[in-house]
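The primary structure of each chain is shown beneath.
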Amino acid sequence: MLAMTDAAVEAISALTSQDGQEAAGLRFAVREESDAGAQLALSIAPAPEEGDEVLGTNSGARVFLEPQAASFLDDKVLDVQQDDQGQLNFAVMQQPEA
């Protein structure tokens, strides 16, 4: 299952609370898949679409995973990183071995 860092949870909560919709979440869908990996589409969604896997946190952050994206992200960690201009960007990384 996709894991999330505390920074990612905070960023998701901040993004989805701007709409004033408590059921909103960050939705991942696969735009294109190749042998090298998958190109993901990321959007703020008011609610999960039919078939989406829904991940929630105690703080209320919600992530919706389209089935193909859920399969691709199963062993990944979602994080937020700041670029040189101070802009926050979501990053998907491999989960560390247990």
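Our subject is the structure that appears above.
What this report covers is the structure whose coordinates are included nearby. (Residues numbered from 1 in each chain as written. Predicted model: local features only at pLDDT ≥ 70, side-chain atom pairs only at ≥ 80, totals over all residues. Heavy atoms only, no water.)

## Examining the overall build of the chain
Looking only at helices and strands, one finds two helices and seven strands in the chain. Compactness check: the chain gives a C-alpha radius of gyration of 13 Å against a globular reference of 13 Å for 98 residues, within 12% of the reference. If one aligns the C-alpha atoms of the chain with their principal axes, the spans along those axes are about 40 × 35 × 30 Å. Considering the chain as a whole, with its 98 residues, one finds that 32% of them fall into the buried category. (Helix = DSSP H or I, 4+ residues; strand = E, 2+ residues; numbered from the N terminus. Rg over C-alpha atoms; globule rule 2.2 N^0.38 Å. Buried < 20%, exposed > 50% of the residue type's maximum accessible area, 1.4 Å probe, protein only.)

## Points about the packing of aromatic side chains
Describing an aromatic ring pair means giving the distance of the ring centres and the angle of the ring planes. Per the stated rule, a full pass over the model turns up zero aromatic pairs. One residue, Lys 76, lies across the ring of Phe 72, its end atom 4.8 Å from the ring centre. (Phe/Tyr/Trp six-rings, centres within 6.5 Å; stacked < 30°, edge-to-face > 60°. Lys NZ or Arg CZ within 6 Å of the ring centre and 35° of its normal.)

## Digging into the pairing of strand E3 (residues 37–45)
Regular strands place side chains that alternate from one sheet face to the opposite one. Bridge analysis of strand E2 (residues 25–34) against E3 gives nine bridges, and the strand direction is antiparallel. Bridging from a neighbouring strand, Val 30 pairs with Leu 40 of E3. (Pairing = 2+ DSSP bridges.)

## Points about the sheet that holds E2
If you trace the four strands from one edge of the open sheet to the other, you get E3-E2-E5-E4, paired in mixed fashion. Of all the strands in the sheet, just E3 and strand E4 (53–56) have a single pairing partner and so form its edges. With direction set aside, neighbouring strand axes in the sheet form an average angle of 25 degrees. On top of the sheet, helix H1 (residues 6–17) reaches E2, E3 and strand E5 (62–65); it is set at about 110 degrees to E2, its chief contact. (Axes fitted to C-alpha atoms, helices over the stretch in contact; angles between N-to-C directions. Contact = heavy atoms within 4.5 Å.)

## Observations concerning the environment of Arg 62
With respect to the helices and strands, Arg 62 occurs in strand E5. Arg 62 gets classed as partly exposed once you look at its relative accessible area, which sits at 23%. With 53 residues separating them along the chain, Arg 62 and Val 9 place their C-alpha atoms 8.4 Å apart.

## Observations regarding the sheet that holds strand E7 (residues 88–94)
Sheet architecture is open: three strands sit in the order E1-E6-E7, paired in mixed fashion. A single partner strand is all that each edge strand has here, and the edge strands are strand E1 (3–4) and E7. By the bridge criterion, seven bridges tie strand E6 (residues 76–82) to E7 in an arrangement that is antiparallel. Looking across to E7, one finds that Leu 78 is bridged to Val 92.

## Looking at the side chain of Thr 16
Tracing the chain through its elements places Thr 16 in helix H1. Within the structure, the side chain of Thr 16 is placed 2.8 Å from the backbone oxygen of Ile 12, a separation counted as a polar contact. (Polar contact = N/O pair within 3.5 Å; in protein donor to acceptor, adjacent residues only side chain to side chain.)

## Brief notes about the nonpolar core
Residues Leu 2, Ile 12, Phe 28, Val 63, Leu 65, Leu 73 and Leu 78 are the most contacted members of the largest nonpolar core, which totals 17 residues. Those elements that provide at least two residues to this core are H1, E2, E5, helix H2 (67–72) and E6. Sorting elements by how many residues they give to this core places H1 first, with four residues. (Core = buried A, V, L, I, M, F, W, Y, C linked by side-chain atoms within 4.5 Å.)

Any functional reading would require information beyond the geometric quantities listed.
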